[in-house]
Amino acid sequence: MGQLEDMTVFTRVVEAGSITRAAEQLNMAKSAISKRLSELENRLGIKLITRTTRQSSITEAGQTYYQRCKLIIDEVEEMNCHVSSQVRSLQGTLKIAAPLSFGIHHLTPVLDIFMQQHPELTLEVDFSDRKVDIVEQGVDLAFRITQPYRPIIDDSRLQARNIVPIKHILCASPGYLAKHGTPHTLEALKKHQLLKYQHTNNSGLLLTDKNGKQHKLQLEAHFTANNGEVLKYLAESDHGIVDLPTFITWQAIKNKTLVPVLPDYQLVELQAYALYPENRYLPLKVRRLIDFLIERFSQSPYWDTD
């Protein structure tokens, strides 16, 4: 292993925060990583990382060296991308993190096509609604759904690309509305059983009327869950009114197992973003996948047009 590889190991330890996590991400033994770091420090004659049994902390000299290493590694990556830019098939491993429902129902079919085009590329996908630390966990590309215009990056180590708009809808089953009545005003909505996504319980429901006036309602939840598919199932089973993204409800609306509620009011439109570690040169495999996703989803996704 040469010095460039040693530098890559060093930057991974810094970004992962520990030798243990870096070893997992690089598929190397912890002893091998410790040895590479020691040899690099001996070669340079400086202490780069202070290591304990539980964590690693970078020294001041190590921080300076880390920044220079990143520049060199990025330059090499850009050179490789330039040389291989005409090659259609990608290689290596691409680690992805995606929200559970969106990932399973909409991202997976796109990844299927992408993998057929690049059969030598290995994908490792984590489907979960939890917020992952992209850098520490060695993720190449993560998807996050949030409000547009709000700063989505609370970490200077990350960059983002807008992939697709995410609309929401209030809906309920015909059976529930037949039993409890259909609300036609916001006051009437307050009297109904509501099914809510767990992480939005304290933020209230923001609706915009046809005159552009916004209304924020604090509504009690009849049931909460951290997964939209669960909420859709319970809504279809006559348990209440639910606020869900249309990428979850579109087929239920089409099949009339759910029907829109208060259609004259618009809910906040979100955006799905692709997040990736900040590099001067985006790796070719990540760049190709982002471009492919934007091309496939566009600004008028199929679940809002069918």
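Our subject in this report is the structure included herewith. Not measured: the values here are computed from a predicted model. (Residues numbered from 1 in each chain as written. Predicted model: local features only at pLDDT ≥ 70, side-chain atom pairs only at ≥ 80, totals over all residues. Heavy atoms only, no water.)

### Concerning the environment of Thr 249
Okay, so step 1: Secondary-structure assignment places Thr 249 in helix α9 (residues 246-255).
Okay, so step 2: Classification of Thr 249 by relative accessible area gives buried; the value is 1%.
Okay, so step 3: It is 9.5 Å that separates the C-alpha atoms of Thr 249 and Val 259, two residues lying 10 residues apart in sequence. (Helix = DSSP H or I, 4+ residues; strand = E, 2+ residues; numbered from the N terminus. Buried < 20%, exposed > 50% of the residue type's maximum accessible area, 1.4 Å probe, protein only.)

### Here's the deal with the nonpolar core
Okay, so step 1: Among the nonpolar cores identified, the biggest contains 43 residues, and Leu 141, Phe 143 and Leu 293 are the most heavily contacted of them.
Okay, so step 2: Considering every element that reaches this core, the biggest residue donor is helix α10 (residues 284-297), with seven residues.
Okay, so step 3: With near-sequence residues (within four places) excluded, Leu 141 lies in contact with Lys 95, Ile 96, Ala 97, Ala 274, Leu 275, Tyr 276, Val 286, Leu 289, Ile 290 and Leu 293. (Core = buried A, V, L, I, M, F, W, Y, C linked by side-chain atoms within 4.5 Å. Contact = heavy atoms within 4.5 Å.)

### Notes on the packing of aromatic side chains
Okay, so step 1: In the structure shown here, the tally under the stated rule is nine aromatic pairs.
Okay, so step 2: Look at Phe 102 and Trp 303: their rings are 6.0 Å apart centre to centre, the planes differ by 90°, and that puts the pair in the edge-to-face class. Linking Phe 102 in helix α5 (residues 100-117) with Trp 303 in the segment after α10, this pair joins segments that are 201 residues apart in sequence. The two residues Phe 102 and Trp 303 agree in class, both being buried.
Okay, so step 3: When the centroid spacing of 5.5 Å and the interplanar angle of 70° are considered together, the rings of Trp 250 and Tyr 302 count as edge-to-face. (Phe/Tyr/Trp six-rings, centres within 6.5 Å; stacked < 30°, edge-to-face > 60°.)

### Brief notes about the sheet that holds strand β15 (residues 270-277)
Okay, so step 1: On the basis of which strands lie adjacent, the open sheet formed by five strands has the order β4-β3-β5-β15-β6 and mixed pairing. Either end of the sheet is taken by a strand with one partner, and the two such strands are β4 (121-127) and β6 (158-166). If you compare each strand with its neighbour and ignore which way they point, the axes differ by 20° on average.
Okay, so step 2: Pairing geometry for strand β3 (residues 92-98) and β4, over seven bridges, is parallel. Counted as the bridge partner of Thr 93 is Thr 122 from β4. (Pairing = 2+ DSSP bridges. Axes fitted to C-alpha atoms, helices over the stretch in contact; angles between N-to-C directions.)

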